[in-house]
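The residues making up each chain are set out below.
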Amino acid sequence: MKNNSNGHKARGAKNRGNGVATVEGTAPEPRSAIERVRLARHANRPQTIDYIDLLMRDFIEIHGDRRFADDGAIVAGLAYFGHRAVAVVGHQRGRSTAERIKRNFGKPLPEGYRKAARIYELAERFGLPIITLIDTQGGESGVGAEERGQIEAIARNLELMARLTVPIVACVIGEGGSGGALALGVANVVLMQENACYSVITPEGCAAILWRAGGEENVASAASALKLSAPDLLELGLIDEIVPEPAGGAHTAPAEAAHLIGAALARHLERLVKLKPQELRRARGRKFAAMGSAFLTRGRVENDPLD
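Conventions adopted
Residues numbered from 1 in each chain as written. Predicted model: local features only at pLDDT ≥ 70, side-chain atom pairs only at ≥ 80, totals over all residues. Heavy atoms only, no water. pLDDT = per-residue confidence, 0-100. Helix = DSSP H or I, 4+ residues; strand = E, 2+ residues; numbered from the N terminus. Contact = heavy atoms within 4.5 Å. Buried < 20%, exposed > 50% of the residue type's maximum accessible area, 1.4 Å probe, protein only. Axes fitted to C-alpha atoms, helices over the stretch in contact; angles between N-to-C directions. Parallel < 35°, antiparallel > 145°, perpendicular 65-115°, else oblique. Nonpolar A, V, L, I, M, F, W, Y, C, P; charged D, E, K, R; others polar. Salt bridge = Lys/Arg side-chain N within 4 Å of Asp/Glu carboxyl O.

(A) Local environment of the confidence of the model for the protein. The predicted model of the protein averages 88 in pLDDT, with 86% of residues at 70 or higher. Mean pLDDT across the elements of the protein bottoms out in strand S2 (residues 21–23) (45) and peaks in strand S4 (residues 74–81) (98). Segment residues 1–18: pLDDT under 50, and 44 contacts once partners within four positions in sequence are set aside and those in other chains are kept. In this model residues 22–27 is a low-confidence stretch, pLDDT under 50, and it forms 10 contacts with partners more than four residues away in sequence or in other chains.

(B) Summary view of the environment of Ala183. Looking at the element boundaries, Ala183 is found in the loop between helix H7 (178–182) and strand S8 (189–193). The class for Ala183 is buried, based on a relative accessible area of 0%. Note: C-alpha distance between Ala183 and Arg156 (27 residues apart in sequence) is 8.5 Å. With sequence-adjacent residues up to four places away left out, Ala183 is seen in contact with Tyr113, Tyr120, Ile154, Asn157, Leu158 and Met161.

(C) Just the packing of helix H8 (residues 203–211) against helix H9 (residues 216–226), in detail. For the pair H8 and H9, interaxial distance at closest approach is 8 Å and the crossing angle is 105°. The orientation of H8 with respect to H9, classified from their angle, is roughly perpendicular. Contacts between H8 and H9 pair Pro203, Glu204, Cys206, Ala207 and Trp211 from the former with Asn218, Val219, Ser221, Ala222, Ala223 and Leu226 from the latter. Residues belonging to the contact of H8 with H9 are distributed by class as follows: eight nonpolar, two polar and one charged.

(D) Representation of the pattern of salt bridges in the model. Following the criterion strictly, the structure yields 17 salt bridges and no others. We note a salt bridge from Arg95 to Asp50, for which the minimum N-O separation is 3.0 Å. Here Arg95 is found in the loop between strand S5 (84–91) and helix H3 (97–102), whereas its partner Asp50 is found in helix H2 (residues 48–55), with 45 residues between them in sequence. Residue Arg95 is classed as partly exposed on the basis of its relative accessible area of 30%. A salt bridge links Arg103 to Glu99, with the shortest nitrogen-to-oxygen separation between them at 3.8 Å.

So this is what it looks like as structure tokens:
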């Protein structure tokens, strides 16, 4: 495995104090929502295994859910991040046709979520911080997945992550879609790469429901309306920090993209490991319970008929 200097601030990186880490000397390129979706789906964009190779060492992967099978769409195991032992779980889409079929195009099956739960429980038992890397259009929706308890598997992961007493940092590294993403996203800190996206449904699925038709214009309108880009989600309070990418996207310089993610992960883990177990659990619960409250309060004030 490759080592790097994670745990140290990325070269030239600054944090403005507003939840956005920036690269010194460069300005983020303004992009539309659909442009960010396309970058999040880029075939050469770094995936979970790439980041594990670039950021961690001595990775020991586990396989199978001890019930049915091994799901290649979920990569899970233990590793060293710098000098700290961590548990890591992430989606893997694959690149070649054969690998994409093996990985089910990054759409987890119930056994994938149950494999992730094995690592969550190991982390809790041994007091290890958890890092999750999110990159999926959503969980598998086929008949077999439903027969094997897809909904229950996702729900159990949500409940399990909510009650863990170890630090959890999640990072959306590509496309975060629906419950397939959220099953890895109940974290103390949620990071998101600059050109990633995170939403309840794909723009194509949204366009099909709203207009009963696809087409570039409808899909682009749906992407904009979904508020799925990192700046929108940071403003809504659904993520905690935007991790910048190299100019042109993470696929143009994977090592630099990994370095920026590593710096953000190390900084947040350094803070979280100092908290007591019950403080971590309570803080995570408060974080998710408060989501949407600012938006709802603002909406009531703006639409108050008494004004």
